[in-house]
Amino acid sequence: QLVESGGGLVQAGGSLSLSCAASARTFSNYAMGWFRQAPGKEREFVAAISWSGGRTYYTDSVKGRFTISRDNAKNTVYLQMNNLKPEDTAVYYCAAAASTGVPSRPRSYNYWGQGTQVTVSS
């Protein structure tokens, strides 16, 4: 089970930090990813981190603004979002993949959270 938290309403240029807590004892065996879905749009990849935390991968639109990290001792993955833009508005989902890499395709992920809303006002 994956449970996201930390979403909310923020003005453009502001910051938010998302967390995703996993209940599985095998959390450290999974790559973790963040995806988002805006109204009327398909779910899109945001960032991923390998099981060890040694590799990360970002979609171009968030590079330099978002940072993904994980704490395997706490079974938690984070997404720090800075310099937020209105186009970042979406429901953000965390997901777990039984992978040794940093997958970016939704179909590579085995488990999904319920999502948390992020709204950025202009």
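For the structure itself, consult the block above.
What counts and how
Residues numbered from 1 in each chain as written. Predicted model: local features only at pLDDT ≥ 70, side-chain atom pairs only at ≥ 80, totals over all residues. Heavy atoms only, no water. Disulfide = S-S within 2.5 Å. Helix = DSSP H or I, 4+ residues; strand = E, 2+ residues; numbered from the N terminus. Buried < 20%, exposed > 50% of the residue type's maximum accessible area, 1.4 Å probe, protein only. Contact = heavy atoms within 4.5 Å. Pairing = 2+ DSSP bridges. Axes fitted to C-alpha atoms, helices over the stretch in contact; angles between N-to-C directions. Polar contact = N/O pair within 3.5 Å; in protein donor to acceptor, adjacent residues only side chain to side chain.

### Thoughts on the state of the cysteines
Here comes step 1: Inspection of the entire model under this criterion finds 1 disulfide.
Here comes step 2: Here Cys20 connects covalently by a disulfide to Cys94, the sulfurs 1.9 Å from one another. Here the disulfide of Cys20 and Cys94 is right-handed, its torsion about the S-S bond being about 45°. Residue Cys20 is found in strand 3 (residues 16-22), and its partner Cys94 is found in strand 9 (residues 90-97); the two are separated by 74 residues along the sequence. Here Cys20 and Cys94 have matching classes, each one buried.

### Thoughts on the environment of Thr100
Here comes step 1: Secondary-structure assignment places Thr100 in the loop between strand 9 and strand 10 (111-112).
Here comes step 2: Thr100 sits in the exposed class, given a relative accessible area of 68%.
Here comes step 3: Sequence-wise, Thr100 and Glu87 are 13 residues apart; in three dimensions their C-alpha atoms are separated by 31 Å.
Here comes step 4: Other than its neighbours up to four places away in sequence, Thr100 contacts Ser50, Trp51 and Arg55.

### Here's the deal with the pairing of strand 1 (residues 2-5)
Here comes step 1: On strand 1, burial follows the alternation: Leu2 and Glu4 on one face are buried, whereas Val3 and Ser5 on the facing-out side are not.
Here comes step 2: As paired strands, strand 1 and strand 3 are joined by 4 bridges and run antiparallel to one another. Paired with Glu4 across the bridge in strand 3 is Cys20.

### A look at the pairing of strand 11 (residues 116-121)
Here comes step 1: With burial as the criterion, only one face of strand 11 is covered, namely that bearing Thr116, Val118 and Val120; the residues Gln117, Thr119 and Ser121 on the opposite face remain uncovered.
Here comes step 2: Across 4 bridges, strand 2 (residues 8-11) lies against strand 11 in parallel orientation. Paired with Val10 across the two strands is Val120, which belongs to strand 11.
Here comes step 3: Pairing geometry for strand 9 and strand 11, over 3 bridges, is antiparallel. Along strand 11, the bridge assignment pairs Val91 with Gln117.

### Focus on the sheet that holds strand 1
Here comes step 1: The 4 strands are arranged 1-3-8-7 in an open sheet whose pairing can be described as antiparallel. The open sheet is flanked by strand 1 and strand 7 (66-71), the only strands paired with a single partner. Shown here is a sheet whose adjacent strand axes are inclined to one another by a mean of 15°, direction ignored.
Here comes step 2: Strand direction decides the pairing type here: strand 7 and strand 8 (residues 76-81), joined by 6 bridges, are antiparallel. Following the sheet pairing, Arg70 is matched in strand 8 by Val77.

### Quick look at the side chain of Ser50
Here comes step 1: The residue Ser50 is located in the loop between strand 5 (44-49) and strand 6 (56-58) in this model.
Here comes step 2: Judged by relative accessible area, which is 3%, Ser50 ranks as buried.
Here comes step 3: A polar side-chain atom of Ser50 sits 3.3 Å from the main-chain amide nitrogen of Gly54.

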